[in-house]
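# A structural walkthrough
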Amino acid sequence: MKKLFWFILAGCSFLFGVEGKEVFDAKCASCHSYYIPLNELKKNAQSNNTLLKLKAPTLNQLSFGVRLNIGDIKADEESQRLEVEAFIENYIAAPDKKKNVVPPEMTKFFPAMPSMKDLLNEDEIEALSNFIFSYGEAMIAEHSAPFVSFEKAKELAKQEDKIIMIRGILPYCKWCIKMDREVMVEKEVVEALLKDFVIVKTDVALEKLPLGMKSLGTPSFYFINKDGETVIAQIQGYRDKQEFLELLNTVKQNAKQ
Ligand code: HEC
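Residues numbered from 1 in each chain as written. Predicted model: local features only at pLDDT ≥ 70, side-chain atom pairs only at ≥ 80, totals over all residues.

### As for the domain arrangement of the protein chain
Threshold: Residue ranges labeled as domains rest on an automatic or database domain assignment. By the criterion used throughout, residues are in contact when their C-beta atoms, derived from the backbone, lie within 7 Å. By definition, any uninterrupted DSSP run of H or I lasting at least four residues is a helix, any uninterrupted run of E lasting at least two residues is a strand, and each is numbered from the N terminus.
Looking at the assigned domains, one finds that the protein chain contains domain 1 (2-143) and domain 2 (150-256). The C-alpha-based centres of domain 1 and domain 2 are spaced at 31 Å. Taken together, the contact pairs nine residues of domain 1 with eight residues of domain 2. Within the residue set of the side of domain 1 that touches domain 2, elements represented by two or more residues are α3 (38-46), α4 (59-69) and α6 (122-143).

So, in structure tokens, the structure goes:
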């Protein structure tokens, strides 16, 4: 009976493939923690790791480290995934701070990572690497205010008396990613947005902005009244948390007039 059970289990894992998260939990999570907001990590780095006493960079830092530095973020995703996989395979076999992709000011207080050569097979490395690759964006989606289509936004804005905010982005725009990581996931920002705004995210390389608005370059923000027709403001450029909260406030004031 026991044999049959293992046989079925092995069959299942063959069918469904190795889970990247399971590999991470088994082989990496003892040192690398899951998501911690970047602003907390920055404070921790300033304290020389005395605040959080981390053992290693977080999974989120690894994810953005590889996305921003390994291969070409502007190339198609599949080829970047392959390069990231090669990097992870190489790094865990032969860790070396000289190859690091997380900024040194965020990692200088960590000891060297021990080599894990031959501890993972090819399938595990592939699954693990894909998991690391996608993790960062998944965390942004989980911690930011949700976005909807422009059609849906018009409906919601009318129903709930809210302002439409369109974010003009490009997937490889570093200042957009910085804003995602440091501003959009912050609690006060999420609350301010949920309270008075509905959000549309537009990849300006793929989609046109509504109402004939031209992209100002990324990141950019386009605010439209609840009527879905009147443009309140068009803003270009990175804003830190405080600046962004102030911007939202100004837009609210202007919308009332
Ligand atoms: C015993 C603790 C430990 C384990 C287990 C561990 N790591 Fe690490 N890892 C570290 C430390 C410490 C660092 C930071 C120092 C360094 O860069 O070598 C690090 C750094 C890294 C880096 C480089 C980060 C950068 O700055 O570029 C990668 C990539 C990485 N680990 C991947 C993994 C993966 C994948 C696993 C699981 C298969 C894993 N690690 C398991 C401790 C660990």
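### Here we look at the nonpolar core
The condition that has to hold: By our criterion, buried Ala, Val, Leu, Ile, Met, Phe, Trp, Tyr and Cys residues that link up through C-beta atoms within 7 Å make up a nonpolar core. Counting other C-beta atoms within 10 Å of a residue's C-beta gives its exposure: the residue is buried at 20 or more, exposed at 12 or fewer, and partly exposed in between, where C-beta atoms are placed from the backbone.
If you look at the biggest cluster of nonpolar residues, it comprises 23 residues, and the most contacted ones within it are F24, V66, I88, L128, F131 and I132. Listing elements by their share of this core, those giving two or more residues are α2 (20-27), α3, α4, α5 (77-93) and α6. The element contributing the most residues to this core is α6, with eight residues. Beyond its immediate chain neighbours, meaning those up to four positions away, F131 contacts G20, K21 and F24. With 15 residues, the next largest nonpolar core counts A157, M165, I166 and I224 among its residues.

### A few points about the site of the ligand
To keep things clear, this is the line we draw: In this entry, near means the residue's backbone-placed C-beta atom lies within 6 Å of the molecule or strand. Under the convention adopted here, Pro, Cys and the residues Ala, Val, Leu, Ile, Met, Phe, Trp and Tyr are nonpolar, Asp, Glu, Lys and Arg are charged, and Gly plus all remaining residues are polar.
Taken together, 26 residues form the shell around the ligand, and within it C28, C31, N100, V102 and M113 come nearest. Classifying every residue of the shell around the ligand by side-chain character gives 18 nonpolar, five polar and three charged.

### Thoughts on the sheet that holds strand β3 (residues 220-224)
Our working definition: Strands are treated as partners if at least two bridges between them are detected by DSSP. To get an axis, a line is fitted to the C-alpha atoms, and for a helix only the part in contact is used. The angle between two axes follows their N-to-C directions and goes from 0 to 180 degrees.
Here we have four strands laid out as an open sheet, ordered β2-β1-β3-β4, and mixed in their pairing. Strands at the two margins of the open sheet, each flanked by one partner only, are β2 (197-203) and β4 (231-236). Direction aside, neighbouring strands of the sheet carry axes that sit 15° apart on average. Where strand β1 (residues 163-169) and β3 come together, five bridges link them in antiparallel fashion. Along β3, the bridge assignment pairs R167 with F221. Most of the contacts of helix α7 (residues 150-160) go to β2, to which it runs at about 170°, and overall it touches β1 and β2.

### Let's talk about α5
Here is the rule: The span one expects for a helix is its residue count, reduced by one, times 1.5 Å. Relevant arc is that of directions from the helix axis to the C-beta atoms, nothing else.
Taking 1.5 Å per residue as the helical rise, α5 with its 17 residues ought to reach 24 Å, and the 24 Å between its terminal C-alpha atoms agrees with that figure. For α5, the full list of buried residues reads V84, E85, I88 and I92. The buried residues of α5 occupy an angular sector of 105° when the element is viewed end-on, so they sit on one face. Those residues of α5 that are exposed and angled more than 90 degrees off the buried face are S79 and N90. If you follow the buried residues of α5, they end up packed against α4 and α6.

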